[in-house]
Amino acid sequence: MSDVEPLIKRELQWMALGVLENRDLAELALYRVRRRRIKRAVKLVGAVFVAAFAVVGLVAAIHGTSALIGNKSGQVSQSSTDALSSMTLQSQIEGLTSDYPITWEQSVGDTGAISKAGGLGDTLGGLTAQGLKVSWEQCNGAQCPITWTLSVINNTGDIVSVNPALMIFVNHSPVVSASRPTTVTPGGSAVLVYNFPEFQSSLKPSAGASWQWNWFLTSLN
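Residues numbered from 1 in each chain as written. Predicted model: local features only at pLDDT ≥ 70, side-chain atom pairs only at ≥ 80, totals over all residues. Heavy atoms only, no water.

Description of the overall build of the chain
To keep things clear, this is the line we draw: In this description a helix means any DSSP run of H or I spanning at least four residues, a strand means any run of E spanning at least two, and both kinds are numbered starting from the N terminus. Accessible area is worked out with a 1.4 Å probe on protein chains only. A residue is then buried under 20% of its type maximum, exposed over 50%, and partly exposed in between. Here, residues are in contact when the closest pair of their heavy atoms is within 4.5 Å.
If you tally the helices and strands in the chain, you get four helices and eleven strands. Per-residue burial over the chain gives 32% buried out of 221 residues. A sequence separation of at least 24 residues applies to 66% of the contacts in the chain between residues at least 6 apart.

Section: the environment of L120
Tracing the sequence through the fold places L120 in the loop between β2 (103-104) and β3 (123-124). Residue classification places L120 among the partly exposed positions, given a relative accessible area of 33%. Considering only alpha carbons, one finds L120 and W215, 95 residues apart in sequence, at a separation of 9.0 Å. Setting aside residues up to four positions removed in sequence, L120 forms contacts with G95, L96, A129, Q130, G131, L132 and W213.

Points about the sheet that holds β2
Selection criterion: Any two strands with at least two DSSP-identified bridges between them are counted as paired.
Taken together, four strands build an open sheet; the order of strands is β2-β11-β7-β8 and the sheet is mixed. One side of each edge strand has no neighbouring strand; the edge strands of this open sheet are β2 and β8 (173-179). Judged from the six bridges that link them, strand β7 (residues 164-170) and β8 form a sheet pairing that is antiparallel. When the bridges of β8 are listed, L166 appears paired with A178.

With respect to a positive patch on the surface
The condition that has to hold: Residues form patches when they are more than 30% accessible in relative terms and have no salt bridge. Like charges link within 9 Å. Nonpolar side chains (Val, Leu, Ile, Met, Phe, Trp, Tyr) link within 5 Å. In these tables, accessible area is a Shrake-Rupley quantity obtained with a 1.4 Å probe, and a residue counts as shielded only by the protein chains included in the view. Salt bridges, as used here, are contacts in which a Lys or Arg side-chain nitrogen is within 4 Å of a carboxyl oxygen on Asp or Glu. A positive count includes Lys and Arg, and a negative count includes Asp and Glu. His and the chain ends are not counted in either. Every charge is mapped onto a representative atom, which is NZ of Lys, CZ of Arg, CG of Asp or CD of Glu.
A cluster of basic side chains, namely R35, K39, R40 and K43, defines a positive patch on the protein surface. Tracing the chain through its elements places K43 in helix α2 (residues 25-72).

Some thoughts on the state of the cysteines
For clarity, the cut-off: Only a pair of cysteine sulfur atoms within 2.5 Å counts as a disulfide in this structure description.
Under the definition given, this model contains one disulfide. Disulfide partner of C139: C144, at an S-S distance of 2.3 Å. Disulfide C139-C144: torsion about the S-S bond near -65°, hence left-handed. The same class applies to C139 and to C144, which are both buried.

Here is the structure:
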C-alpha cells in the first residue's frame, strides 16, 4: 500500500471497515476518487465564474457612479458639450454684436436678388433676422469683418426653405456677397455663418472706412 497515493489509500482504509463481499476494492476506490476530483473541479470552476461576475459587476457599478458624479459636477460628454455650445450660440446672438461700428445698407447691390434687402428684425421669405455677430481680424493694416454669423427664426407655421445671402459694403459700395441655403421648421431657428477670408489678402480698406451690410434672398437653383 505504500505505493498507492494517499487519497486512494484513505478510501481503501474506510472501505475496509465495512462489509464488502465479492467487490474489487481497488476499482471502487478509484471510482470514488475520480468522483471526488470531479466535484472539486466543478466547485472550483463555479467559484471562478462567481468571482468573475462579481468583479465585472463591481467595475460597472464604480463606472456608473463615477459617470453620475461627473455629470452632477458639470462634466458632460462631448456630444452634450457640442449640443450645449450650439444652443448657447443661438441664444447669445440677439441684436448686433460687433467690436467696430457697422450700419445697415438698404441697397441690395446684387442682380440675383429675389427679395428686398433686410436688416435685423426684418422678415424675408418667412425667416426673421434676430441677431448678428461680426468677428474682426487684422487685414492689411486695418481691421476687417472676416466672419458674420446671422441668426434667423421661423415664426410661421410652415417649413421654410430659402437661400439667404449676405452683402458687405465698404463706404456704401458693395464688395462681396455669399449665400447659405437653409431649411427651418415652424418655430425653429438657424445660425448662418458667412466667412470672407479673402479680405485679408485682397482688400485694403482705409483706416477710416465705413462698413455696411444687408441680407436678402437668392434663388435656390
